[in-house]
Amino acid sequence: MAPVAHETPTGTDVRRCAAPISLLTLETCRRKMMGSEAPRTQYFSQRTPVKEPINVIERIKSLYMTGKCSDLIIRFSGRKETIQAHRLILAMSSPVFEAELYGHKAVGTELTLTDSVEAFQWLMEYMYSDRVHFPTTPMALEVSHLASKYEMTVLKYICSEYLSNALNDANYLMVYNAAVQMNISDLINKCSQIMEGSSSSVFCKQHITQLSRWALKHLLEQPHAFVNEVTVFSSLITWAQHQLELRGTNCTPSDLRQEMNDFLPLVRFLTMTTDEFVENVVPTEVFTLEETCAILRNMKHIEGVPLPRVCSTSRERRDKRANFQ
């Protein structure tokens with residue numbers, strides 16, 4: 001079928017334009033009809049350039065940056081800040097959010113969290129863009145906690161790798177606290193390697209008070225704490241006093257005993273000499289008179305005297321390696 005001729009206002013035949021015609025093709029034809037010096041059409045010259053996202057990640061990230069098409073508002077307990085989010089993105093990133101947003105007990109248009117606003121904002125940027133950049137070690141620790149809480153396995157691994165590389169003498173206790181709480185075994189081992197070379201430093205007052213309850217218990221359970229038991233007990237007293245001070249509680253012997261009760265079975269009292277026990281433990285009054293007598297008699301290997309239930313039966317010295325150095 002022959003192409004159909006079209007007459008322009010000037011009578012020019014544009015038969016060759018019978019193929020599918022775009023705006024650009026029409027503009028080219030018009031310029032040819034009006035001469036090569038004709039100015040460009042206003043359709044093109046007056047359009048405002050718009051920078052569009054160039055790939056899927058950029059387009060998804062733009063949803064977070066603009067809040068466009070958001071269907072969820074995230075609030076934070078005790079804070080005024082809110083975040084506009086997209087349920088699908090959160091559900092794709094975390095099985096916890098998937099259950100919370102699409103499960104049989106799915107929340108409505110608002111979700112209230114108790115997380116750190118700053119750490120969650122970092123998490124949101126990661127979920128929308130895959131961007132990983134930790135400004136500080138404390139931020140990496142907070143994000144690691146969120147990754148564990150929301151079961152984001154890959155991010156948890158990324159945090160662990162970053163913290164392992166960032167580990168040093170100044171931050172290992174802070175990292176150790178988090179690693180124990182979140183049960184990150186590789187990171188715990190890295191911290192343990194540092195502590196193994198500086199056990200006495202770990203048990204000094206400045207450092208022992210930095211440990212959380214979980215981390216302190218874990219530390220006392222490990223075989224790498226190469227210090228004598230007097231140091232361990234004295235440090236435990238210091239830690240318990242610090243905890244009571246933080247809560248504004250009186251530091252009476254009974255209060256100390258209650259605060260230390262979970263840790264006393266981890267102290268190897270039978271590795272102390274009787275003099276060490278009398279000089280360092282008895283004055284604290286954390287044990288009753290009956291318990292004190294029972295422990296001293298067991299130190300002397302007197303049979304038939306049961307140890308208090310809170311006392312370890314171990315006679316293996318914690319600092320035995322020091323005897324060979």
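Owing to the predicted nature of the structure, the values given are computational and were not obtained by experimental measurement. (Residues numbered from 1 in each chain as written. Predicted model: local features only at pLDDT ≥ 70, side-chain atom pairs only at ≥ 80, totals over all residues. Heavy atoms only, no water.)

*Asks:* I would appreciate a short explanation of the packing of aromatic side chains in the present structure.
*Replies:* Throughout the structure, instances matching the rule amount to twelve aromatic pairs. Arranged with centres 5.6 Å apart and planes meeting at 65°, the rings of Phe233 and Phe269 form a pair that is edge-to-face. Taken together, the positions of Phe233 in helix H14 (residues 229-247) and Phe269 in the loop between helix H15 (253-260) and helix H16 (274-280) put the pair 36 residues apart, joining distant regions of the chain. As far as the burial class goes, Phe233 and Phe269 line up, both buried. Aromatic side chains Trp239 and Phe263 sit 5.2 Å apart centroid to centroid with 75° between the ring planes, which places their arrangement in the edge-to-face category. Note that Trp239 is positioned in helix H14 and Phe263 in the loop between H15 and H16, a separation of 24 residues in sequence. For the pair formed by Trp239 and Phe263, the shared burial category is buried. Through a chain of ring-to-ring contacts, the aromatic side chains of Phe76, Phe97, Phe120 and Tyr150 assemble into a single cluster. Arg87 extends its terminal NZ or CZ atom over the ring of Tyr102, reaching a point 6.0 Å from the ring centre. (Phe/Tyr/Trp six-rings, centres within 6.5 Å; stacked < 30°, edge-to-face > 60°. Helix = DSSP H or I, 4+ residues; strand = E, 2+ residues; numbered from the N terminus. Buried < 20%, exposed > 50% of the residue type's maximum accessible area, 1.4 Å probe, protein only. Lys NZ or Arg CZ within 6 Å of the ring centre and 35° of its normal.)

*Asks:* Just checking my understanding: could you explain the packing of helix H9 (residues 172-182) against helix H10 (residues 185-196) for this structure?
*Replies:* Relative orientation and spacing of two packed helices are given, respectively, by the angle between their axes and the distance between those axes. Remark: H9 packs on H10, axes separated minimally by 9 Å, with the N-to-C direction vectors making an angle of 145°. Crossing angle aside, the handedness with which H9 passes H10 is left-handed. Two secondary-structure elements touch here, H9 through Tyr172, Leu173, Val175, Tyr176, Ala179 and Val180 and H10 through Leu187, Ile188, Cys191, Ile194 and Met195. Looking at the contact of H9 with H10 residue by residue, the classes come out as eleven nonpolar, no polar and no charged. (Axes fitted to C-alpha atoms, helices over the stretch in contact; angles between N-to-C directions. Left-handed = near helix turned anticlockwise from the far one by under 90°. Contact = heavy atoms within 4.5 Å. Nonpolar A, V, L, I, M, F, W, Y, C, P; charged D, E, K, R; others polar.)

*Asks:* I would appreciate a short explanation of the nonpolar core in the present structure.
*Replies:* Side chains of nonpolar character tend, in soluble globular proteins, to be buried together. With 81 residues, the main nonpolar core has Ile74, Leu90, Phe120, Met124, Phe233 and Phe269 as its most contacted residues. The element best represented in this core is helix H6 (residues 117-129), accounting for nine residues. Discounting residues that sit within four places of it in the chain, Ile74 has contacts with Glu81, Thr82, Ile83, Ala85, Leu90, Leu111, Leu113, Phe120 and Met124. (Core = buried A, V, L, I, M, F, W, Y, C linked by side-chain atoms within 4.5 Å.)

*Asks:* Help me understand H15 in this model?
*Replies:* Structural remark: α-helix, 3.6 residues per turn; residues separated by three or four positions point the same way. Among all positions in H15, only Asp255, Leu256, Arg257, Glu259 and Met260 are buried. Against the buried residues of H15 lie helix H13 (213-221), H14 and helix H17 (289-299).

*Asks:* Would you mind showing me how to read the environment of Asp115 here?
*Replies:* With respect to the element layout, Asp115 can be found in the loop between strand S3 (110-113) and H6. If we skip the residues at most four places from it in the chain, Asp115 touches Phe76, Phe120, Leu146, Lys149 and Tyr150. Within polar-contact distance, the side chain of Asp115 engages the side chain of Lys149 at 2.7 Å. (Polar contact = N/O pair within 3.5 Å; in protein donor to acceptor, adjacent residues only side chain to side chain.)

*Asks:* It is not clear to me how the packing of H6 against helix H8 (residues 153-166) should be interpreted in this structure. Could you clarify?
*Replies:* Where H6 meets H8, the closest approach of the two axes is 12 Å, and the angle between their N-to-C directions is 120°. Where H6 crosses over H8, the handedness of that crossing is right-handed. Seen from H6, the contacting residues are Trp122, Leu123 and Tyr126; seen from H8, they are Val154, Leu155 and Ile158. Looking at the contact of H6 with H8 residue by residue, the classes come out as six nonpolar, no polar and no charged.

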